[in-house]
Amino acid sequence: MRRLRDVGEYAWIARFVRDLSSQRRGARIVVGPGDDAAVVRPGRRALLLTTDTLIENVHFRAGWVSPAALGRRAFRVSVSDLAAMGGGPTFALLAIEAPPRLAVGHLDALVRGFRAAAGASGAALVGGNLTAGSHLAITVALLGEAPGRIVTRAGGRAGDALYVTGTIGGAGLAVRRLRAGRRGRLPDPPLRLRAGRELAPFAHAMIDVSDGLVQDVGHLCRASGVAAELEAASLPLALGCRRALGEAAPTFAATAGEDYELVVAMPPRREHLAARLSPRLGCRLSRVGRLVAGPPGVRLRDAAGRVLALPRDGFDHFA
Ligand SMILES: [Mg+2]
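Residues numbered from 1 in each chain as written. Predicted model: local features only at pLDDT ≥ 70, side-chain atom pairs only at ≥ 80, totals over all residues.

Draft legend 1. Structural detail: the domain arrangement of the chain. Each domain of the chain was delimited in the assignment, giving domain 1 (1-34), domain 2 (47-145) and domain 3 (161-301). Look at where the C-alpha atoms of domain 1 and domain 3 centre, and you get two points 25 Å apart. (Domains from an automatic or database assignment.)

As structure tokens, this is what we get:
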């Protein structure tokens, strides 16, 4: 019997998505499964749909974040997928599984944190569910819209420059420290709605970095049918990550995950716009490499051009 851990998260999803691709695409399903969010057109306007779950002892442990920060985190992790399409949220559903021993005040604070984060992004919480379970699990479904162009993972072309918003490696390092029992705080995922919206008109492809830069750029490569070359020296490393890990920081940051930054593939003729766009994004924008022709795959090179060996591509729930 083949088990999920033999197949891995991504291979299983890829097979499922292939099965669903026989589903009639038509005018009502604009982007089906396999991207950051689905795009449907039930009426005149295109709507974005995405869902995500945070589970205690998988994505976080009790005490890593305050209840309010956990609610905020659940929203931001989900909204990151809408930002990666150039969209923003309009309505949210929140389904919570909680152990009966959970303090009511804890749940109240979690939902308040979620509502405040949603409200600050222009989204209303319009429904949800509460059920008993052995651990805390938070499932979010978001409905969204895009003011302009909707960008998928699939439009990248050889020659495109790859950019990353913000910094990477900081959240991954915090998780590693917390897992090791050291004191610390899991940082809030960044909010990149504005960056996604500003970059969408000029991007060939976008994806958010949830499971590690190398792994998520790999998803973009497979969807676009290209390969990627990343430069270790160009990665925008979080200061704490650079200080703590020194020479090992680039490979760690490229594979750590939990960054929730955006990766953007921009055609060469748009590269001059990056500097001009930067001040409008609310975060830095760093050029980290290029898409190249070849079978989908990601190489990280050091300053001398040598391909760096990576311990793993990123996070897989089952592998
Ligand atoms: Mg995503």
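Here the narrative resumes.
Draft legend 2. Fine view of unusual backbone geometry. Positive phi, close to 75 degrees, is recorded for N57, a residue that is not glycine. One can find N57 in the loop between β3 (47-55) and α3 (67-83). Backbone geometry places Y260, a non-glycine residue, at a positive phi of 55 degrees. Position of Y260 among the secondary structure elements: in the loop between α9 (249-256) and β10 (261-266). Its 26 C-beta neighbours within 10 Å are what place Y260 among the buried residues. (Helix = DSSP H or I, 4+ residues; strand = E, 2+ residues; numbered from the N terminus. Buried ≥ 20, exposed ≤ 12 C-beta atoms within 10 Å, placed from the backbone.)

Draft legend 3. Broad picture of helix α7 (residues 213-224). Helix length check: α7, at 12 residues, gives a terminal C-alpha distance of 16 Å against a target of 16 Å (1.5 Å per residue), a fit within 8%. In terms of residue burial, α7 counts as a mostly covered element, since 10 of its 12 residues are buried. Within α7 the residues assigned to the buried category are L213, V214, Q215, D216, V217, G218, H219, L220, C221 and S224. Buried residues in α7 make contact with β7 (161-165), β8 (205-209), β9 (227-231), α9, β10 and β12 (298-301). Trailing α7 by a residue or two, G225 shows a phi angle of about 70 degrees, which is positive. (Expected span 1.5 Å × (residues − 1). Contact = placed C-beta atoms within 7 Å.)

Draft legend 4. Local environment of the packing of α3 against helix α4 (residues 104-120). Contact geometry of α3 with α4 gives a least axis separation of 6 Å together with a crossing angle of 40 degrees. On the basis of their axis angle, the class for α3 and α4 is oblique. Judged by the sense of rotation from one axis to the other, the crossing of α3 with α4 is right-handed. Here P67, A68, A69, L70, G71, R72, A74, F75 and R76 of α3 lie close against α4, whose contacting residues are H106, A109, L110, V111, R112, G113, F114, A117 and A118. Its residues assigned to classes, the contact of α3 with α4 shows 12 nonpolar, three polar and three charged. (Axes fitted to C-alpha atoms, helices over the stretch in contact; angles between N-to-C directions. Parallel < 35°, antiparallel > 145°, perpendicular 65-115°, else oblique. Left-handed = near helix turned anticlockwise from the far one by under 90°. Nonpolar A, V, L, I, M, F, W, Y, C, P; charged D, E, K, R; others polar.)

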